[in-house]
Amino acid sequence: MDKVPTICPYCGCGCGLYLHVEEGNIIGVSPIRHHPVNKGTLCVKGWNSFEFIQHPERLKYPLIKENDTFRKASWDEAIKYVANQLTDIKKKYSPDSIGVMSSAKCTNEENYLMMKFARAVIGTNNIDHCARLCHSSTVGGLAVAFGSGAMTNSINEIADAKVLFVIGSNTTEQHPMIGMHMLDAVDKGATLIVADPRRTQISEFAQIHLRQKCGTDVVLLNSMMNVIINEGLVDIPFIKRRTENFDAFERVVKKYPPEIAAKITGVPAQDIKKAARIYATEKRAMLFYSMGITQHITGVDNVRSCANLCMLTAHIGQPMTGLNPLRGQNNVQGACDMGALPDVYSGYQEVSEPSSRRKFERTWRRKLPSKPGLTLTEMFDSVLKGQMKAMYIMGENPVISDPDSSHVTEALKKLEFLVVQDIFMSDTAEFADVVLPAVSFAEKDGTFTNTERRVQKIRKAIRPMYGSMPDWRIISEISKEMGYDMGYRATHEIMEEIALLTPLYRGILHHRLDDNFGLQWPCSDPDNPGTPFLHRKKFAKGLGTFIPVDYIPPAENISKKFPFVLTTGRMYFHYHTGTMCRRTSTLEREYPECYAEINPEDADSLGIKHNSMIKVSSRRGTITVRAYVTDKVSKGTIFIPFHYKEEAVNLLTNPAVDPSAKIPEYKVCAVRIESV
Amino acid sequence: MGSIYMESLILAKSNLSYWLRQLRKEMALIGPLKGENNDIVFKTVENIHEIILDCPALIPSPKEFIFPQKEDMFRFSKDKVENLRNDKKRLIFGVRSCDISAIILFDRFYGEKFVDDYYMSRRNNTVFISIGCNNPDPTCFCIGLGSGPFLSLGFDIQFSDLGDRYLVEIGSTNGMDIVKKFIHLFSQPKKSDYDDQYEAMLSSQARFEKRINLENARQKILFEKVDDSFWEGVAKRCFECGGCVYECPLCTCFNVIDRKYSETEGIRIREWDTCMFRGFTKMAGNIWPADKKVMRTKRWYFHKLIYYPEQFGKFGCVGCGRCTITCPGRIDMATIAYRLKVGENERKAD
Amino acid sequence: MKERLTDLYLPSKAKVIDVVDMTSDVKLFKVMPEKTFKYKPGQFLMVSLWGEGEVPISIASTYGVREEIELCIKRVGPVTSAIHSLKSGDDIGIRGPFGNGFSVNRAKNRDILFVGGGIGIAPLRSLINEVLKNKKDFKKIELVYGSRTPSDILFMDDINLWQKKGVNVILTVDRKDRGWRGNAGIVTEHIGKSRVSFKNAHAFVCGPQVMINAVMRDLSSRGTPEGNIIMTLEAHMKCGVGKCGHCYADGKYICTDGPVFSYKEIKQFNLNGV
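1. Focus: the overall build of chain C
Thought 1: Within chain C one finds 6 helices and 15 strands.
Thought 2: Relative to the globule expectation of 19 Å for 274 residues, the C-alpha radius of gyration of chain C, 18 Å, shows essentially globular dimensions.
Thought 3: Considered along the principal axes of its C-alpha atoms, chain C spans approximately 55 × 45 × 35 Å.
Thought 4: Across the 274 residues that make up chain C, the buried fraction comes to 58%.

See below:
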C-alpha cells in the first residue's frame, strides 16, 4: 500500500491529503498532519474525495456526436476532428469566433496551456473560466486599489489575529479548514465580527453578528468607515504615506452615517458603531470576504469598500493584518494567475500592453491579438448574436453554474461546434459535438494554487482511468494537430515556461515544491522563499488608492408579484454542480435533493410546513423544492443551494452583471413562493 | 489473532532488518515511513532501514489494514457472484500499544455472535508487531485508560526498545509463527532485560502531558445528568467532517453501496460510515431520525463513554489522541472529558 | 486456532414465484428460497438486489403455513422501487432471518390486542396467523388497523378470514372515500372500542413511529402493563447483524436486540427518540 501526498480537489483551502493506493485502486484518504492549512484535519468532502475517482460513470473514451447521438471514437479520430473543425471555423469566420473556457479545477500547467492554446494557436483572447462567476470582482477591484487581487495573508496566521471581520463568507461550511483557524483565534480571545444576512455556523461564534439585507454591503461598510472617520479612529500617518485619493473618498463616506445606514441595511446603528470601533482600534485585524461580497452587480464596489476599510485603519501589509478574499475552487487562484482571463496573460500581464505582448510573442513564436477578449458571460451573448460559432470548454459546467440557465442552453444549441472535456458526462457535455475524457486530480501531476497563493504539487497516484488522458496532453495533441507543436514531455517543463514568463512565479519550479508544502507567490527567483503576506512596506502598485463608492441597489427589487429575496450559494456537503460530490455516496446521502431555507414567520404566513414541497418562481423560471423552515434566513429571504441539476436554482437567478467585472448577481433576485 | 501464547526473547537491533527482510518474502511488510514533509505514515516498506520507530500514533489508525476505508465485498455479474475477501498475508510493524488495545476490542466486536468474515479474513492473515511507546505525543492519554504505553497481553508481538536490543514479547500463536522460523536470531532474556523494560516504561509514563479520567466523565454523565445545553455547546462546534469517527481506532460503522458497471455487472463495497451524519439514520420516505446535530454528537460520546463499558467492560476509547489532532472544532474526547470534569462555567473563568 | 469464516453478507438466491399488487405503492412478493429455513413472526430478511442494494423487510408469512415466504413491500426508496419492478421468475437475494421476533408465550391465557398502521400489518399478519394456529391458548383476539384511505387497506382477504375465525377487527381510515361506511380517524381514537381487558391484555403494535408512540401512551394510560406492550421498531440498516451500526441506539442494536421491544424496554433504553 502506498500513500501519495496530494492536494484536495474541492475548495480553495488547498488541504494536504494522502491518497491510499493499493494495486492501482484508491482505497482511502487521510489528512497530512503537518500541512500548514489543515494540520491533520479534513472536512467531509476531503475525507470522501477518493470515491468519485474510480466511479464507473467516468468517461471512458472520446465521443463524437452523429445524428444527435454519441458514438465511441478513437483518440486519433477525435483529436483530428476537433483540430479540423476549429481550424475550419477559424478560417471561415475569424479566430474571435471561437471561445475557450478554461477550468479552475485543472492544474496551473493546464490553465497555462489552455491560455496559450487560445492565444497562440487559435489567436483569440476569448478565454475565461468560472472565476468570472466568483471572484472576478476581486481581481478587478483589488487590482485598482492595491495592485494585486489575492488574499494578502496566510491561513496559518489567522489563529493569532485579534479581530476577525468576516463579511459574506460562510466560512466553516465553504472553507472549513479556514473556519477551523478562525475558531482557534476565537478560542484564543480574538473578537469575531460576522456580517451575513444568514445565520451561518460561523456567526454563532461572533461577538457581533450584523445581518444586513442582501445587497446592502456598500452601505454597511461605508457607514462603518463613517464612524471610524467621525470618531477619529483613522490611521492618519498610514493614509498620508501609503495611500492616495483619500479626500474624494471621505466626501462620499460622509453621506452614510449609521442612522441612515440602519434604515437601508436593517442593521441597528449601535451594532454598526460597535463593529467599526472594534475593527478600527485593534491591531492584527483580518478582514475576510467571499461570494456574499462579490456576486452582486455591485461586486467590484463591495470589494473596493473592503479595501477602503483596510487602508483607512492601516490594517494591511503586516502579518495577521490584511484583506482576505477566500477563493472558491481548488485552483481558481491559479487559473487566474495563469491568465485564463480575457485581458491578461499569466501573472496579470495585460494583453493590451505592448511590452508584455512582445515577450509572449517572442517565446511562443506567434503573433498575438492585442484586444481583450470576451468574458464568460459575454461569450454566450455573443453566440446568441451569431458572432461566436465554436467553443472549447474544459472542466466546466455552465448549464448548471451560470445564471439564467435557459439562456445558456439556448446558446450552446446554437453553436456550430462545441468541444467539452470533462471527467463525467456533464449537463454541458450533453450539448457537445465532441466529448473528450480527461482525468481527475489523482491521475496526473501538476500544481494547484490555493487561496493563500500557495502553489502546491499534486501527484499522480494511479494511471489514467479507462481510456482517459490528462487535460494538458489533450490540449497539446489538439495543438499539434493544428500545426503548433508544444512539445512538452512532462508538466514540470510547462512550469519552467510559466516561471520564465511570469514574474510572480519566477522562482516557482516543481523541484522546489516538494519541501515545506509548496511556495507562496510572489516568488521572485529560485532562491526566494515565497511571500506569506503581501503589501509589506508598499502596495504592489505603489500607493494604495481609495476609491469612493456609492450605494446602488440590487438589479432586481422585490415587488408585489415577487415579494421574496432569493439568495443562492453552496452548502457544506456538496460542491458546485455536483459532478464529483453527487457521485460520492456519503455526500449524496446527506443532502440528496434541493431545498429552500425559509424563515418560520414566512412559512407560517404562507402555510408552508417543514419538509413540504414549495414552488419558487422568478421572472425567468420556476423550480419545485422542499422547504426547510429555519431561522438561518431572515424574514423575507429564502436561500437555495445551486448544486442540484434536477432543480437548478440558476433557472431563477438574474443574469444582470457588474458593469466592469461582468459577475452575475447570484445573491439577489426577486421570487414568489407557493406551496404545492 | 490466533490463540494466546506467552514468551519473551531478545532481538539485537542489528538483527532486525535481516529478520524483517526474511519475513517480507512471505508477507507484505508495512511500517511507519516518511510521508510528506515531517509526516510519518504506514506504507508498504521498500527500504527496511527507512522504518521510523520513534513516532507517535499515526494518522489514520492501523484499523485501515483490517477494516479499510473502502473494501470490495462482492463482484457480481449475470450468473456469478464472487466473494472478494482479502486474505493476503501482511505484517504491520511499529504499531502503538493503544492501537493494539483497540484491535483487541475490534476482535470481540467483529468476532462475537455473528462473525464478520471480511474483518476476520484480514485479521487472521495479519500479524501486528507493536512497540512500547518511549515517546508519547502531547495528545496521547492511553496511560489513563490502561491501553498503553506498554501492554502486558493481547498483542501478537510487542517490542520494547532497550537501547541496543529489543525485548520481544510474543503474545499469540500468530506472533510465534513468525519468530519460530528464525529463532536463531533471538536469544533468551536476562533478568536485567526486564529491569530495563520496566525502566523504559517508567520513563515513558513520566512523559505523558495529559491525564484524562474517562471514568470521571462517565460518572458525571450517569449520575449528575449533564445538561443538554452542554451537548448543544459541543454540537455547535461540530464541523460534521466525520474525522473523529474515521480516525478512531474503535469506530466500527460502515455503509454498504452497490456500484454498477453495466446493467448486470458491478460490485458491492463497504465504506467507513459515521454516526456524525444525519443521513446515517435516514429512513426511506424522507424520515431523518437524527436531524439535529446535538443528537449525533451526544450519541458518539455516549456510545464511547456509557455503552462501550456496558457491552465490553471497557471504554470505547484507547487514548490515542487522534481525534484531538483531527477535530477542526476542538471537541475531541480529551477536551470533552476535561470540560465535563471542570464544568462550563469554570472553563470560561479560566 | 483461526476463526471460522462465514458468508455472513452473501445473500442466498430466492425465486420470485408471484407478485400481487396490493395498493398503488405496495406489492406482495411470494418468494421461494433455494434453502428453506425456519423463522418466527417479527423477524426480518435483508432483501438484496445486486446493483441496487439491500433493505430490511419483515416477513409477512407464517412458518409452516406455506413453503414460500411472503414479503409485503412498499415503494419508498430506490431499492424498493427496483424490487417493485421484479416479475415472477426473477431472482432476488435474501439474508436472514434476523432479529428476535415476537414471542407469544407470555400472552397465553390472556387477551391479545393487535394494533397496526399501514404496512405495519405485514409482521402482524405473520403473528396473527401464528396465534390462530393455537387459538384456544388465548382469550379474546382483536385487531385495530388503520390505513390512509380505504384503498390502502392491506390483506383484506386475510382480515375476512380472521374475522371468520373469531378475531374482532376494527378498521379505520385517515381519509374516507365515497364508498366507505366504516370508521375514520387515527387508530388511537378507536382503541377504546376494543373489548379486551386492557389491564391484563398483551398488545402487539406495528406501524409508523408516530402511531406507535401514540398507541403506547394510550394503552399505558388504559392500564396495560408496559412490559406487555410489544412493538417492532424500524431503522436504517445495512447489515442486519449488529455490525454496520446504523440501527444502533443507546446501547441497543435494533437488528439483533430487536426489532421487537416492549414499551418498558423502549422507555428504559430511550429507543424511540433515535
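2. Notes on the side chain of Thr567 of chain A
Residues and elements named next belong to chain A.
Thought 1: With respect to the helices and strands, Thr567 occurs in strand 21 (residues 564–569).
Thought 2: For Thr567, a relative accessible area of 8% translates into the label buried.
Thought 3: Not counting residues up to four positions away in its chain, the partners in contact with Thr567 are Cys214, Thr637, Ile638, Phe639, Ile640, Tyr666 and Lys667.

3. Some words on the interface of chain A and chain B
Thought 1: On the side of chain B, 53 residues touch chain A, which itself brings 61 residues to the contact.
Thought 2: Our count for the contact surface shared by chain A and chain B stands at 9 salt bridges.
Thought 3: In this structure, the salt-bridge partner of Arg589 of chain A is Asp273 of chain B, at a minimum N-O distance of 2.6 Å.
Thought 4: Seen at the junction of chain A and chain B, the total is 30 residue pairs in polar contact (both at pLDDT 80 or more).
Thought 5: Of all the elements in the fold, those that place two or more residues in the side of chain A that touches chain B are strand 1 (2–7), strand 2 (16–22), strand 3 (25–31), helix 1 (44–47), helix 7 (176–187), helix 22 (585–590) and strand 24 (622–629) of chain A.
Thought 6: By residue number, the principal contributor to the side of chain A that touches chain B is helix 7 of chain A, which donates 7 residues.
Thought 7: Taken together, the residues of the side of chain A that touches chain B break down into 26 nonpolar, 17 polar and 18 charged.

4. Here's the deal with the sheet that holds strand 3 of chain A
Residue and element names in this part refer to chain A.
Thought 1: On the basis of which strands lie adjacent, the open sheet formed by 3 strands has the order 1-2-3 and antiparallel pairing. What marks the edges here is a single partner per strand, and that holds for strand 1 and strand 3. With strand direction ignored, the average angle separating the axes of adjacent strands in the sheet is 30°.
Thought 2: With 6 bridges joining them, strand 1 and strand 2 adopt antiparallel strand pairing. By the bridge assignment, Asp2 is partnered in strand 2 with Val21.

5. Quick notes on the packing of aromatic side chains
Thought 1: For the coordinates displayed, the defined rule picks out 52 aromatic pairs over all chains.
Thought 2: Centroid distance Tyr572 of chain A to Phe573 of chain A: 5.0 Å. Interplanar angle 70°. Geometry classified as edge-to-face. The two residues Tyr572 of chain A and Phe573 of chain A agree in class, both being buried.
Thought 3: An angle of 25° between the planes, with centres 6.1 Å apart, marks the rings of Tyr246 of chain B and Trp272 of chain B as stacked. Placement of the pair is Tyr246 of chain B in helix 9 (residues 243–247) and Trp272 of chain B in strand 12 (residues 266–272), with a sequence separation of 26 residues.
Thought 4: Since its relative accessible area comes to 2%, Tyr246 of chain B is described here as buried.
Thought 5: What makes Trp272 of chain B buried here is its relative accessible area of 4%.
Thought 6: Here Lys60 of chain A stacks its cationic end above the ring of Tyr466 of chain A, 4.7 Å away from the centre of that ring.
Thought 7: Sitting above the plane of the Trp521 of chain A ring, Arg453 of chain A keeps its charged end 5.9 Å from the centroid.

6. As for the domain arrangement of chain B
Residue and element names in this part refer to chain B.
Thought 1: For chain B, the assigned domains are domain 1 (4–67 + 86–206) and domain 2 (214–253 + 274–349).
Thought 2: Placing a centre on the C-alpha atoms of domain 1 and another on those of domain 2 gives a separation of 29 Å.
Thought 3: Contacts between domain 1 and domain 2 engage 25 residues on the former and 25 residues on the latter.
Thought 4: Approximately 2000 Å² of surface area, both sides summed, lies buried where domain 1 meets domain 2, with 66% of it carried by carbon and sulfur atoms.
Thought 5: Taken together, domain 1 and domain 2 are joined by 1 salt bridge.
Thought 6: Between Arg322 and Asp99 there is a salt bridge whose closest N-O contact spans 2.8 Å.

7. Looking at the domain arrangement of chain C
All names here are of chain C.
Thought 1: Assigned domains within chain C: domain 1 (12–98) and domain 2 (105–269).
Thought 2: Here the C-alpha centroids of domain 1 and domain 2 sit 21 Å apart.
Thought 3: With 24 residues of domain 1 in contact, the opposing surface of domain 2 contributes 23 residues.
Thought 4: Buried area between domain 1 and domain 2, both sides added, is near 1800 Å², and the carbon and sulfur share of it is 60%.
Thought 5: Its largest share of buried area at the contact with domain 2, domain 1 owes to Pro41, Phe44 and Thr62, together 23% of the area lost on that side.
Thought 6: Seen at the junction of domain 1 and domain 2, the total is 2 salt bridges.

8. Notes on a positive patch on the surface
Thought 1: Taken together, the side chains of Arg106, Arg110, Lys139, Lys140 and Lys264 of chain C define a basic patch exposed on the protein surface.
Thought 2: In this fold, Arg110 of chain C is placed in the loop between strand 6 (91–98) and strand 7 (112–117).

9. Quick look at the layout of surface pockets
Thought 1: Taken as a whole, the second largest pocket spans an internal volume of roughly 980 Å³.
Thought 2: Contributing to the lining of the second largest pocket are 32 residues, with Lys632 of chain A together with Glu240, Asp291, Lys292 and Lys293 of chain B lying nearest its centre.
Thought 3: If you list the elements that add at least two residues to the lining of the second largest pocket, you get strand 22 (595–598) and strand 24 of chain A together with helix 8 (228–236) and helix 10 (293–312) of chain B.
Thought 4: In terms of residue class, the lining of the second largest pocket is made up of 12 nonpolar, 4 polar and 16 charged.

10. Points about helix 10 of chain B
Residues and elements named next belong to chain B.
Thought 1: Taking 1.5 Å of rise per residue, 20 residues should cover 28 Å, and helix 10 covers 27 Å from first to last C-alpha, within 8% of that figure.
Thought 2: At His303, helix 10 is deflected by roughly 45°, the largest bend along its length.
Thought 3: Burial analysis of helix 10 places 15 of its 20 residues in the buried class, the great majority of the element.

11. Examining the nonpolar core
Among soluble globular proteins, nonpolar side chains are generally buried collectively.
Thought 1: Counting 204 residues, the largest nonpolar core has Leu19 of chain A together with Trp300 of chain B as its most contacted members.
Thought 2: A per-element tally of this core places helix 10 of chain B first, with 9 residues.
Thought 3: Membership of the second largest hydrophobic core comes to 59 residues, among which are Ile64, Tyr488, Ile494 and Tyr505 of chain A.

12. A short note on helix 12 (residues 333–342) of chain B
Thought 1: Most of helix 12 of chain B sits out of view: 7 of its 10 residues are buried.
Thought 2: Every buried residue of helix 12 of chain B is listed here: Met333, Ala334, Ile336, Ala337, Arg339, Leu340 and Val342 of chain B.

13. Things to note about the sheet that holds strand 17 (residues 446–449) of chain A
Residues and elements named next belong to chain A.
Thought 1: With antiparallel pairing, the 3 strands of this open sheet are ordered in space as 17-18-19. The sheet is open, and its two borders are formed by strand 17 and strand 19 (519–520), each paired with just one other strand.
Thought 2: Of the strand pairs in this sheet, strand 18 (residues 454–458) and strand 19 are connected by 2 bridges, and their pairing is antiparallel. Along strand 19, the bridge assignment pairs Val455 with Leu519.
Thought 3: The strands that helix 3 (residues 108–122) touches are strand 17 and strand 18; relative to strand 17, the one it contacts most, it runs at about 95°.

14. Quick notes on the side chain of Asp332 of chain B
All names here are of chain B.
Thought 1: Note that Asp332 resides in the loop between helix 11 (322–326) and helix 12.
Thought 2: The side chain of Asp332 sits in the buried core without any salt bridge; Lys210 is the nearest counter-charge, 5.3 Å away.
Thought 3: Apart from residues no more than four positions distant in its own chain, Asp332 is found in contact with Tyr301, Cys323, Thr324 and Cys327.

15. A closer look at unusual backbone geometry
Thought 1: At the junction of Ile59 of chain B and Pro60 of chain B, the peptide bond is cis and its omega measures out at -10° in the coordinates.
Thought 2: Along the chain, Pro60 of chain B turns up in the loop between strand 3 (40–44) and helix 2 (63–66).
Thought 3: Residue Gly258 of chain C is joined to Pro259 of chain C through a cis peptide bond whose omega torsion reads 5°.
Thought 4: Mapped onto the secondary structure, Pro259 of chain C falls in the loop between strand 14 (252–253) and strand 15 (260–262).
Thought 5: For Met320 of chain A, which is not glycine, the phi dihedral falls at a positive 60°.
Thought 6: Tracing the backbone through its elements, the reader meets Met320 of chain A in the loop between helix 14 (299–312) and strand 13 (322–325).
Thought 7: Not every positive phi belongs to a glycine, and His535 of chain A is a case in point at roughly 60°.
Thought 8: Turning to its location among the elements, His535 of chain A is positioned in the loop between strand 19 and strand 20 (544–545).

The rules behind each value
Residues numbered from 1 in each chain as written. Chains lettered and ligands numbered in written order. Predicted model: local features only at pLDDT ≥ 70, side-chain atom pairs only at ≥ 80, totals over all residues. Heavy atoms only, no water. Helix = DSSP H or I, 4+ residues; strand = E, 2+ residues; numbered from the N terminus. Rg over C-alpha atoms; globule rule 2.2 N^0.38 Å. Buried < 20%, exposed > 50% of the residue type's maximum accessible area, 1.4 Å probe, protein only. Contact = heavy atoms within 4.5 Å. Salt bridge = Lys/Arg side-chain N within 4 Å of Asp/Glu carboxyl O. Polar contact = N/O pair within 3.5 Å; in protein donor to acceptor, adjacent residues only side chain to side chain. Nonpolar A, V, L, I, M, F, W, Y, C, P; charged D, E, K, R; others polar. Pairing = 2+ DSSP bridges. Axes fitted to C-alpha atoms, helices over the stretch in contact; angles between N-to-C directions. Phe/Tyr/Trp six-rings, centres within 6.5 Å; stacked < 30°, edge-to-face > 60°. Lys NZ or Arg CZ within 6 Å of the ring centre and 35° of its normal. Domains from an automatic or database assignment. Buried area = accessible area lost by both parts, 1.4 Å probe. Patch = residues over 30% accessible without salt bridge, like charges linked within 9 Å, V, L, I, M, F, W, Y side chains within 5 Å. Areas by Shrake-Rupley, 256 points an atom, 1.4 Å probe, with all protein chains shown as cover. Lys, Arg positive; Asp, Glu negative; His and termini not counted. Charge placed at Lys NZ, Arg CZ, Asp CG, Glu CD. 1 Å grid on protein atoms, 1.4 Å probe; cavity = no way out; pocket = protein on both sides within 12 Å on 5 of 7 lines; lining within 4 Å. Points joined across faces, edges and corners; volume = space filled by probe spheres on them. Expected span 1.5 Å × (residues − 1). Bend = angle between axes of the 7 residues up to and from the residue. Core = buried A, V, L, I, M, F, W, Y, C linked by side-chain atoms within 4.5 Å.

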